[in-house]
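Next come the chains, spelled out residue by residue.
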Amino acid sequence: MSATLPENVGTLVERIDRLRRERRAVILVHNYQLGEVQDVADFAGDSLDLSRRAAATDAKVIVFCGVRFMAETAKILAPDRTVLLPDGESGCPMADMIDGPQLRRFKAEHPDAAVVCYVNSTAEVKAECDVCCTSANAAKVVASLPADRELLFVPDRYLGGHVQRTTGRRMTLWPGYCPTHARILPEHVERRKREHPGAVVLAHPECRAEVTALADQVLSTGQMLRFVHESDATTFIVATELGILHPLQRDNPGKRFVPASEQAICPDMKRITLEKVLWSLEELQTPIEIPEETRRRAEASLRRMLDVA
Ligand code: 13P
Ligand code: SF4
C-alpha cells in the first residue's frame, strides 16, 4: 500500500466490501489505477482481460475503475448489467482523437478498406469499425484479415506502426497517440540502460517507435505481468504508465523495477480514489449508457476481436 493512503482507508475498504456484497457488484480495475484501488479489485488486468471478465460476469453491477472507453466496452459486452464509472470525467485523450464523423470521412476516402480499431476508442467509433483489438492481440487480429484487403488503423499511430512492423501488413494509420506514453523518450530508456546494464527493457506498444526499438519485449500491461512472473531476470526497465509498478512490485518482491520515465502518469487513470469507489456503490454513479443501435454495432466489432483472440 502507498504512503499517501487516506487515514480512514480501513473503514473505506470495509464499507466497500459490505456494499459490494449487498449490491452483488464486481469491481474491475485496470493495471494503471492507484495502488489502493487495485487492492480492492475482484479482478485487475489489461483491457483484454477486463473485457473478457465483463462479458462473462454474472454480477448485477460492474464498478469499472479505469477510463470511460473501458467502462463503455464493459457495457457494450454486458448490456443487461449496471456498469458504473466512479469518476464520470475519467476519459482517454487518445480515444477522443477521432470521432464518428472523422472516421466516416476517413472511410469514404478508402471505400474498399477494412477498419481495425484499437479498443481505446469511443463506442461511436467502434460502431463504425470492422474489428477491434487491444494492445495484447492487435497483431493477431490484423494477421487474421484477408492479405489482399486494404487496412485502416485508428486511432493509435504508434500501436498501428508496431503492428505493421511485426506483421508486415501495410496499414493507413490515423495520427492519434497517447500523451502519457509519448512523454517517454528514447534518451530516458538509454539512460536507464546505462544505469542498469543487463536489465530487461519492457515497453508498451503505445510508446514511440524509437522507444519500442530499444525494448527487449513490447507487451500489453497484462502480458508484462505474466512475462516478469516467468522471467529469471531480476531487473526490469519499464516503459509504460507508472501504475503498473504496483502489481509488478507486489507480485515479484525479489525483483527490481525501474520506470523509464517518472513522467509517465495518466491523469485520467488517477482520478478514481477509494472514496469515489464507495460513492459509486452507494449512489450507483456514474452509470454508462450507450444508444442501443451504437451498442449493437460496437458489440459486433468487439465480438469479432474476441473470436479471433
Ligand atoms: P493495456 O490494455 O495494455 O492495459 O493498455 C491500456 C491502455 O490504456 C494503455 O495506455
Ligand atoms: Fe488513454 Fe494513454 Fe491514459 Fe491509456 S495511458 S488511458 S491510452 S491517455
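No experiment lies behind these values; they were computed from the predicted model shown.

Chemist: Is there a simple way to explain the sheet that holds strand β8 (residues 172–173) in this structure?
Modeler: Strand pairing in a sheet takes place through backbone hydrogen bonds and is either antiparallel or parallel in direction. Strand order in the open sheet made by the four strands is β6-β5-β7-β8, with parallel pairing throughout. Looking along the sheet, the strands with just one partner apiece sit at the ends: β6 (131–133) and β8. Where strand β5 (residues 114–118) meets β6, three bridges bridge the pair, whose relative direction is parallel. The residue bridging Cys117 from the neighbouring strand is Cys132, located in β6. Strands in contact with helix α5 (residues 100–109) are β5, β7 (151–154) and β8; relative to β7, the strand with the most contacts, it is inclined by about 160°.

Chemist: I keep staring at the site of ligand 2 and nothing clicks. Help me out?
Modeler: What surrounds ligand 2 is the set Tyr32, Val67, Cys92, Pro93, Met94, Asn120, Cys178, Glu206, Cys266 and Met269. Residue classes in the shell around ligand 2 are distributed as eight nonpolar, one polar and one charged.

Chemist: Whenever I open this one, helix α8 (residues 157–167) confuses me. Can you help?
Modeler: One turn of the α-helix equals 3.6 residues, which is why residues spaced by three or four share an orientation. All buried positions along α8 are accounted for by Tyr158, Leu159, Gly160, Gly161, His162 and Val163. Contacts made by the buried residues of α8 are with β5, α7 (138–143), β7, β8, α11 (209–212) and β10 (217–218). Where α8 begins, the side chain of Asp156 points an oxygen toward the backbone nitrogen of Tyr158, at a separation of 2.9 Å.

Chemist: Quick question: what am I supposed to make of the environment of Thr294 here?
Modeler: As for its placement among the helices and strands, Thr294 is situated in helix α15 (residues 292–308). Sequence spacing of Thr294 and Leu219 is 75 residues, and the spatial spacing of their C-alpha atoms is 30 Å. Thr294 has contacts with Ala123, Glu124 and Ala127, leaving out every residue within four places of it along the chain.

Chemist: Would you take a moment to explain the pairing of strand β11 (residues 235–239) for this structure?
Modeler: Walk down a regular strand and you will see the side chains alternate between the two sheet faces. By the criterion of burial, β11 is predominantly enclosed, with five of the five residues buried. The two faces of β11 match: Thr235, Ile237 and Ala239 on one face and Phe236 and Val238 on the other face are all buried. Two strands pair when backbone bridges link them, and strand β9 (residues 200–203) and β11 are joined in this way by four bridges, in the parallel orientation. Bridge assignment links Val200 to a residue of β11, and that residue is Phe236. The parallel pair β11 and strand β12 (residues 256–259) is bridged by helix α13 (residues 245–251), and the resulting crossover is right-handed.

Chemist: For this particular structure, what's the right way to read the environment of Trp279?
Modeler: Along the polypeptide, Trp279 turns up in helix α14 (residues 274–283). The class of Trp279 is partly exposed, set by a relative accessible area of 36%. If we skip the residues at most four places from it in the chain, Trp279 touches Pro86, Leu284, Gln285 and Thr286.

Chemist: For this particular structure, what's the right way to read the sheet that holds strand β3 (residues 61–65)?
Modeler: With parallel pairing, four strands are arranged side by side in an open sheet as β2-β1-β3-β4. Each edge of the open sheet is held by one strand with a lone partner, namely β2 (43–45) and β4 (82–84). Within this sheet the neighbouring strands show an average axis-to-axis angle of 20°, counted without direction. Of the strand pairs in this sheet, strand β1 (residues 25–30) and β3 are connected by five bridges, and their pairing is parallel. Of the residues in β3, the one forming a bridge with Leu28 is Phe64.

What counts, and where the lines are drawn
Residues numbered from 1 in each chain as written. Chains lettered and ligands numbered in written order. Predicted model: local features only at pLDDT ≥ 70, side-chain atom pairs only at ≥ 80, totals over all residues. Heavy atoms only, no water. Pairing = 2+ DSSP bridges. Helix = DSSP H or I, 4+ residues; strand = E, 2+ residues; numbered from the N terminus. Contact = heavy atoms within 4.5 Å. Axes fitted to C-alpha atoms, helices over the stretch in contact; angles between N-to-C directions. Near = heavy atom within 4 Å. Nonpolar A, V, L, I, M, F, W, Y, C, P; charged D, E, K, R; others polar. Buried < 20%, exposed > 50% of the residue type's maximum accessible area, 1.4 Å probe, protein only. Polar contact = N/O pair within 3.5 Å; in protein donor to acceptor, adjacent residues only side chain to side chain. Right-handed = clockwise from strand over helix to strand, strands pointing away.

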